[in-house]
Amino acid sequence: MQTVFVADWRDQAVFSPDGPHPQVLVQTDKLKVIIGSLEAGQVIPPHPEALAVYHFLEGSGWMTVDDQRYSVLSGTIIITAEGRRAASKPRPVWSSLPLASHNKFLDLYCI
């Protein structure tokens with residue numbers, strides 16, 4: 001595997017009205033690293049998960065692991081055990097509150 005250098009993760013984030021388009025930074029037989037981006041109203045539905053580390057880079061929202069719902073903000077890290085069901089959703093934007101309308105997260109999977 002070659003060294004991967006990303007000077008600014010924002011350059012890797014892709015937002016689309018069609019839903020998330022994760023950008024794969026690294027994928028080997030033991031590791032997968034993606035940058036994921038969600039606009040307000042978009043969700044990543046519950047899905048079986050490998051051992052994974054989610055580092056929320058920007059925005060705010062919720063992540064559900066099995067039946068536990070976690071509030072996430074910029075800087076939040078969640079580590080999921082293999083076999084757990086994970087889902088993510090940005091917080092809605094309210095005109096009177098300066099909340100971010102999106103989530104950007106770095107996801108590291110141990111395959």
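Peer 1: Any chance you could explain the side chain of Ser16 here in plain terms?
Peer 2: By secondary structure assignment, the location of Ser16 is in the segment before strand E1 (23–27). For Ser16, the side chain forms a polar contact with the side chain of His21, separated by 3.4 Å. Ignoring sequence-local partners within four residues, the contact set of Ser16 consists of His21, Glu39 and Gln42.

Peer 1: Would you explain the pairing of strand E4 (residues 51–65) in this entry?
Peer 2: Within a regular beta strand, the side chains point alternately toward one face of the sheet and then the other, so they alternate between its two faces. Examined bridge by bridge, E4 and strand E6 (residues 77–80) share four bridges and lie antiparallel to one another. Its bridge partner lying in E6, Tyr54 is registered against Ile78. Alignment of E4 against strand E5 (residues 68–73), held across six bridges, turns out to be antiparallel. Looking at E5, one finds that Met63 is bridged to Tyr70. Taking the residues that link successive antiparallel strands as the turn, the E4-E5 hairpin has two residues, and the phi of Asp66 there is positive, at about 55°. Strand direction decides the pairing type here: E4 and strand E7 (residues 85–90), joined by five bridges, are antiparallel. If you follow Val65 over to E7, its bridge partner there is Ala86.

Peer 1: Please explain the confidence of the model for the protein as it appears in this structure.
Peer 2: Looking at the protein as a whole, its pLDDT mean stands at 78, while 81% of the residues score no less than 70. Predicted confidence in the protein is weakest over strand E8 (residues 102–110), with a mean pLDDT of 55, and strongest over E1, with 89. Note on residues 93–102: pLDDT is under 50 here. Beyond four places in sequence and across chains, it has 22 contacts.

Criteria and cut-off values
Residues numbered from 1 in each chain as written. Predicted model: local features only at pLDDT ≥ 70, side-chain atom pairs only at ≥ 80, totals over all residues. Heavy atoms only, no water. Helix = DSSP H or I, 4+ residues; strand = E, 2+ residues; numbered from the N terminus. Polar contact = N/O pair within 3.5 Å; in protein donor to acceptor, adjacent residues only side chain to side chain. Contact = heavy atoms within 4.5 Å. Pairing = 2+ DSSP bridges. pLDDT = per-residue confidence, 0-100.

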